[in-house]
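Observations on the three-dimensional arrangement
Listed here are the chains, written in short residue letters.
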Amino acid sequence: MAFSLSNNISPLVFSSAFAELTFETDIASVRFSLQDNSNDKTIWESTLYSYSGKIVLYDLSSLMELYMRETSSAYRAFRVVARSGNSVIFQKAWGVIFCQRRFASDVAELSTKMFLSTIHSKMSFVGSVEQVARYAVQGKDSTERLEVVYDDATGERKVSTIVRNKGTFPKTEAVVSIVDYNKMLVDLKATRILSVMLSAGQRAFTFYYGEKPTIAFLFRNAFNVIEVAPIFGTIKRITEISKSTATCNGIDSFYDRKETHAYEISTADLTLHQAQWLEQMWCSSEVWLYVNGIVPDDFYKILIIEHDSEISDADDKLCELKFKFKFPDGRTLISDINDQTADDIFTYQYQLQFS
């Protein structure tokens, strides 16, 4: 009885690069299963028949990505098991990093140099809570450093380094690092933080802090990791009302009345890298309004229903994005009418243009 895998796949691979598996065999039929290697859960199982001495498993990456979305995972170890009758004739496990993009570099080397994001620096804002994730290997150094540029109580510009999470990783997984503006402000007795560079081994990610944005979102990026997307620009609310009219005893009345609210955002000018990064939101599996933290609240989950991108690498023109979103039930938030205070009752509608 012959059964062997004829193509080689690296022990660690991006989901987008997980190739088809080709087996050479003289067995007429084989029972295959795809399992979560950490808990032996069977994700997919089927009997396949050989043709010309071969059995090919196509597009396992789609099954892996679907499972990783359902479990909110950026990294998982999967195992393929083959059985003939009651006997296991093949099993092998691979580490898989969720990734919707293609990379030409070797994933084992690349994963030690990059956080699980398509950018390495971003504009953030005062009071934000941010996070970045990285692939962590059991037994490797877990230490990370925050190099913070800030102003102290006297107004003097200072740079401090915060070292945290010393030790080694207890297991192989995707590890999330939190960068909390307000916590650093208190710990450093600072009046303002200008930037933070988070480094871990060869990886580095820099946050630059400015004023609060027009609106901010949480979304799952190309690595299935939640990121914060602050956006400056203008927001337009669009209300559509549909209703039917009935006449009874000469009196008209409305029925089947329905209001649908959507929000259209036109961004301010963006750099090429900012625009390319934000485009991930269009096809993200989950998007939320950002409300005071990185823990998603499904009350604020949204659907992006239209989008338009004008992205250029020209030196004389920056990029602009436009998109429309709504809440799943089409209703609006009561906070829309509570955002204004008495102080801005006359100036609010003009401040974007003149203040």
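Residues numbered from 1 in each chain as written. Predicted model: local features only at pLDDT ≥ 70, side-chain atom pairs only at ≥ 80, totals over all residues. Heavy atoms only, no water.

Now for the pairing of strand β14 (residues 190–200). Each regular strand displays side chains that alternate between the two surfaces of the sheet. Where strand β11 (residues 144–152) and β14 come together, 8 bridges link them in antiparallel fashion. Bridging across to β14, E147 finds its partner in M197. Looking at chain direction, β14 and strand β15 (residues 203–210) are connected through 6 bridges and run antiparallel. Along β15, the bridge assignment pairs A200 with R203. Adjacent in sequence and paired antiparallel, β14 and β15 are bridged by 2 residues, among which G201 carries a positive phi angle near 65 degrees. (Pairing = 2+ DSSP bridges. Helix = DSSP H or I, 4+ residues; strand = E, 2+ residues; numbered from the N terminus.)

This next bit is on the sheet that holds β15. Taking strand neighbours across the sheet as the criterion, the 5 strands line up as β9-β15-β14-β11-β12 in an open arrangement whose pairing is mixed. Edge positions in the open sheet fall to β9 (121–125) and β12 (157–164), since each of these has one partner strand only. Each strand axis lies, on average, 25 degrees off the axis of its neighbour in the sheet, ignoring direction. (Axes fitted to C-alpha atoms, helices over the stretch in contact; angles between N-to-C directions.)

Here the focus is the pairing of strand β4 (residues 29–36). Extensive coverage of β4 is indicated by the burial of 6 of its 8 residues. Pairing analysis gives 7 bridges linking β4 to strand β5 (residues 42–49), with the strands arranged antiparallel. Paired with F32 across the strands is S46, a residue of β5. Once β4 ends, the chain turns through 5 residues before running back antiparallel as β5, passing D40 with a positive phi of about 65 degrees. Of the pairings in the sheet, the one linking β4 to strand β7 (residues 75–84) comprises 6 bridges and is antiparallel in character. Paired with D36 across the strands is F78, a residue of β7. (Buried < 20%, exposed > 50% of the residue type's maximum accessible area, 1.4 Å probe, protein only.)

Moving on, we get to the sheet that holds strand β21 (residues 301–310). Pairing within the open sheet is antiparallel, and its 7 strands lie in the order β17-β16-β20-β21-β22-β19-β18. Of all the strands in the sheet, just β17 (226–231) and β18 (233–248) have a single pairing partner and so form its edges. Averaged over all pairs of adjacent strands, the angle between their axes in this sheet comes to 35 degrees, without regard to strand direction. For β18 and strand β19 (residues 251–267), the ladder comprises 15 bridges, and the chain directions are antiparallel. Pairing of I241 across the sheet is with E259, part of β19.

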